[in-house]
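Close look at the chain arrangement
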Amino acid sequence: MLITQIGNYSLILGLFLSIFFIFYLILILYGFIKIKLNNIYSILFIQLFSVLISFFSLIYSFVISNFTNETVYNNSHTTKPLFYKISGTWGNHEGSLLLWLLVLTLFIFLFFIDSKKQPKIYRLYTLVFQQIIILGFFLFVLFTSNPFSYIFPVPLEGLGLNPILQDPALAIHPPILYLGYVGSSIIFSASLSALVSKHINNFWAQHIKKWIFISWIFLTLGIMLGSIWAYYELGWGGFWFWDPVENVSLMPWFCLTALLHSILVLEKRSELKSWTIILSITTFSLSMSGTFLVRSGILNSVHTFANDPGRGVFILTFLFILILISILIFFFFQTEENVRENKIYWLSRETSILVNNWFMIFFLAVVFIGTTYPIFLEVLTSEKISVGPPFYNKLLIPFLIPFLIFMAIGPNLKWIKNDFKKVNFYKFFVFIFLCFITFIFAEKFKIKNLFTIILIISSLYLLISSIGDLIFKRKNISQNISHFGFSILILSIVLNGILSKEFSGNMKIGEEVKFYNEIIKFKKVETFNRENYKSVIATFEIENNKKKLILLKPELRIYNQPNIITSEADIKSSFYEDKFLVFSVLKKNNIFNVRYQVKPFMIWIWVSTLLIIFGGFVRLIKIK
Amino acid sequence: MVGKKVKLRIIFLSIFLITIILSLILILKSLENEIVYFISPTEIKNLSELDKNKIRVGGMVKEGSIKAYENNISFVITDFKNEITVSFTGAIPNLFAEGKGVVAEGILRDRNYLVSKKILAKHDENYIPPEVKEALEKK
């Protein structure tokens, strides 16, 4: 069909533009051609436009269920609701890469408009590096995963989108995560070009900070959406499983968060230049290797989707080349830190940010080793292992305690040098007071683990101290909001972890089970026919000791194409706790497998993450 | 004589190195204790001694082997060579069915019996865990 042709050829046009553009820019940089900004704007715009056309033609193919297109055939179905036809465009490998490309070209266009005040050479070099990445993605899309390949004979019906992906949170989760990933590519190119054009200074830091915040906001939001989806769709009742696919999105986040802090030092004090560059290179490499690991099928994950090893090899080669280039540039264009002028004192804001970075890198190392160790072990000894949550809990929790305390103290220190005498001692009394309260609390709820108690104390300390700063100082509102959000996040995760209760077992219709001070009653099961699935809805009544009734109606969806059953948990959220119920069928008899969970402070995990993001957003607006 | 500045740098560098080495040792040590090995029913039969730690067993759920009791279910994992009976308590993923691939995590009671509290769910109905695929190809 014509629409597939249009999509395909505009992609090829984009590829050639990219090659031409790299040569054009190099000729300008070596002084063979005079620079004409208008030309650059129009090339960037045409490239963006061509990718946009090809993206919309793919969406259009999905909407009209054009099964001559292989991607549409593999991932769509005529009975699918329109919303999921459209989100199906990026729910698959080919389409998601096209989305990567679209965001890449969009961001470079915006970057060029935004960087008007920066030196010309720096802007041009950034374009060169970014175009190399874009070229790589064009080649990758066109040669290993073309979304516009034909299928013949034309099938009458598509294979359908995996029902587990037919979900609003998951429809927007990939694009948002990609905005974060692609944002890190801009930071990467900009850092390399700043190295080459010797432009690493506070002026540059001020300008790149905006992009760091943008990608950080999107990355955090993307991770959160994925986590929310896992919570209510996968039916396990957890929000983070330390699964390799999840870890892969968390690793660039640690790095980006470290970068977010160290760029402030570069902006205010012109220090940590090389370190900032290393962080931006690492963030992007981690984002890329994330895509590689997820798509290559190397990871042994519960989230595994169908995949193709050939693609993995391409991304790995591409990644290798990019890292090699960046390391070479890093060594040959090394900037000199002006150590002599600026001395770093032990008690200063710089040092505290450095401490933050050390912790972030440690967390990163833990997650990195936990994720990649099984892969290496399998290659070397062909032993198959997996690393579970206990590993992460054991290594991360003890280090969270000093981390939280530094988070409370650090922001109150002054730049350059803080006088020890000026450290606020009244906060010390707050700390002791908190210890006292927490021990009473722990006694009441019978919390025995000392680590947990100390963790609660330190996150409460951060909470109080950031509220205090927010009210009394009002100097750095965005940072206070984010740190405040982080303290609530840790607090609610810890309380959620230790106070959660779970019942799981097999039940028949009409049966009753006693669970702590509640009674779970299995009332009935009804069946309905929906647009593209059959829905089985069960009704449960939860009666607590005050005779108060709560109705929970979990659902099973039996999809016809592809033939998959998914569970939709029913969750009653409240200020204090979530009640989570999910059920599944056991063979074809009348016994149902039921899982009921009471999860305290669940909603606060999402609220606090939103607060953290909001803090970043406030800062972004304040950057002019 | 070593100057004051050089001395400071040496101290800083050694602290830096010690921290890195310590954290690596810490990470690798805990890794040793927290890994879960993946084995097939045939490998269990050939074990010289029973592992007291958690393991993962992968294979296919044998046709007609799922039995539901009041609080648990039992089923048989097979790699078409050897079999192992699994007793399972907990929530069952939707893609768990007879004749499909499965990975169960638990503790071995003897060479024929695994007590499990976790079955791993996969997103894709045609999905076979890589380990199972390999075990199947080997046969």
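Check the secondary structure of chain A and you find 17 helices and 11 strands. Taken over C-alpha atoms, the radius of gyration comes to 27 Å for chain A, in line with the 25 Å a tight globule of 624 residues would show. Across its three principal directions, the C-alpha atoms of chain A cover 85 × 80 × 50 Å. Across the 624 residues in chain A, those meeting the buried criterion constitute 48%.

Further remarks concern the overall build of chain B. Helix and strand counts for chain B stand at three helices and seven strands. Moving toward the C terminus, one meets the helices and strands of chain B in the order α-β-α-β-β-β-β-β-β-α. Counting only residues that meet the buried cut, chain B has 35% of its 139 residues in that class. Partitioning the contacts of chain B with sequence separation of at least 6, the portion at a separation of at least 24 is 57%.

This part takes up the environment of aspartate 570 of chain A. All names here are of chain A. By secondary structure assignment, the location of aspartate 570 is in strand β9 (residues 570-573). Between the C-alpha atoms of aspartate 570 and leucine 552, which are 18 residues apart in sequence, the distance is 6.0 Å. For aspartate 570, the contacting residues outside a window of four places in its chain are Leu552, Lys553, Pro554 and Leu581.

Moving on: the pairing of strand β7 (residues 113-120) of chain B. Residue and element names in this part refer to chain B. As judged from the four bridges shared by strand β5 (residues 83-88) and β7, these two strands associate in the parallel manner. Residue pairing in the sheet places threonine 85 in a bridge with tyrosine 113 of β7. Pairing of strand β6 (residues 101-110) with β7 involves seven bridges; the strand directions are antiparallel. Paired with glycine 106 across the two strands is serine 116, which belongs to β7. The loop that links β6 with its antiparallel partner β7 comprises two residues.

The subject of this paragraph is the packing of helix α6 (residues 120-144) of chain A against helix α7 (residues 168-196) of chain A. All names here are of chain A. One can describe the packing of α6 onto α7 by two numbers: an axis separation of 8 Å at closest approach and a directional angle of 135°. Considering their axes alone, α6 and α7 lie oblique with respect to each other. Handedness of the α6/α7 crossing: right-handed. In contact with Tyr122, Tyr125, Thr126, Phe129, Gln130 and Ile133 of α6, α7 contributes Ser185, Ile186, Ser189, Ala190, Leu192, Ser193, Ala194 and Val196. In the contact of α6 with α7, the residues fall into nine nonpolar, five polar and no charged.

What follows deals with the domain arrangement of chain A. Residue and element names in this part refer to chain A. Looking at chain A, the domain boundaries give domain 1 (1-161), domain 2 (167-423) and domain 3 (501-603). Computed from C-alpha atoms alone, the centre-to-centre distance between domain 1 and domain 3 is 44 Å. With six residues of domain 1 at the contact, the number on the domain 3 side is four residues. Class assignment for the residues of the side of domain 1 that touches domain 3 results in two nonpolar, three polar and one charged.

Bringing the nonpolar core into the picture now. Residue and element names in this part refer to chain A. Leu101, Leu104, Ile212 and Met251 are the most contacted members of the largest nonpolar core, which totals 141 residues. Residue contributions to this core peak at 18 residues, all from helix α8 (residues 202-233). Both domains that meet at this core, namely domain 1 (1-161) and domain 2 (167-423), each give it at least three residues. Leave out the neighbours within four places in its chain, and leucine 101 touches Val51, Phe137, Phe138 and Val141.

Below, the discussion takes up the pairing of β9 of chain A. On a regular strand, each side chain points to the face opposite its neighbour's, so the side chains alternate between the two faces of the sheet. Residues and elements named next belong to chain A. In the sheet, β9 pairs with strand β10 (residues 577-585) via four bridges, with the strands oriented antiparallel. Within the sheet, the bridge partner assigned to isoleucine 571 lies in β10 and is phenylalanine 580. Hairpin connection, β9 to β10: the antiparallel pair is bridged by three residues.

One key point about sheets: their strands pair by backbone hydrogen bonds, in either a parallel or an antiparallel sense. Residues and elements named next belong to chain A. With antiparallel pairing, four strands are arranged side by side in an open sheet as β2-β11-β10-β9. Each having just a single partner strand, β2 (501-507) and β9 make up the two edges of the open sheet. On average, each strand axis in the sheet is tilted by 10° relative to the strand beside it, whichever way the strands run. Relative to strand β11 (residues 592-600), β2 is paired through seven bridges, and the arrangement is antiparallel. Of the residues in β11, the one forming a bridge with glutamate 502 is glutamine 597. Contacting β9, β10 and β11, helix α17 (residues 602-622) runs over the sheet at an angle of about 110° to β10.

Attention now moves to the confidence of the model for chain A. For chain A, per-residue confidence averages 86 on the pLDDT scale, and residues scoring 70 or more make up 93% of the total. For chain A, the element scoring lowest by mean pLDDT is strand β8 (residues 564-568) of chain A, at 77; α17 of chain A scores highest, at 94.

Okay, the confidence of the model for chain B next. Residues and elements named next belong to chain B. The predicted model of chain B has a mean per-residue pLDDT of 78, with 83% of residues at 70 or higher. Per-residue pLDDT, averaged within each element of chain B, yields its smallest value for helix α3 (residues 130-138) (58) and its largest for β5 (89). ipTM for the predicted complex: 0.73, alongside a pTM of 0.89.

Between its first and last C-alpha atoms helix α1 (residues 4-34) of chain B spans 45 Å; for 31 residues at 1.5 Å apiece the expected length is 45 Å, and the two agree. When you tally the buried positions in α1 of chain B, you get three out of 31 residues, a small fraction of the element. The set of residues buried in α1 of chain B consists of Ser30, Leu31 and Glu34 of chain B. The inward-facing, buried residues of α1 of chain B abut α12 (349-381), β1 (385-387) and α13 (389-409) of chain A together with β1 (35-39) of chain B.

Conventions and cut-offs
- Residues numbered from 1 in each chain as written.
- Chains lettered and ligands numbered in written order.
- Predicted model: local features only at pLDDT ≥ 70, side-chain atom pairs only at ≥ 80, totals over all residues.
- Helix = DSSP H or I, 4+ residues; strand = E, 2+ residues; numbered from the N terminus.
- Rg over C-alpha atoms; globule rule 2.2 N^0.38 Å.
- Buried ≥ 20, exposed ≤ 12 C-beta atoms within 10 Å, placed from the backbone.
- Contact = placed C-beta atoms within 7 Å.
- Pairing = 2+ DSSP bridges.
- Axes fitted to C-alpha atoms, helices over the stretch in contact; angles between N-to-C directions.
- Parallel < 35°, antiparallel > 145°, perpendicular 65-115°, else oblique.
- Left-handed = near helix turned anticlockwise from the far one by under 90°.
- Nonpolar A, V, L, I, M, F, W, Y, C, P; charged D, E, K, R; others polar.
- Domains from an automatic or database assignment.
- Core = buried A, V, L, I, M, F, W, Y, C linked by C-beta atoms within 7 Å.
- pLDDT = per-residue confidence, 0-100.
- Expected span 1.5 Å × (residues − 1).

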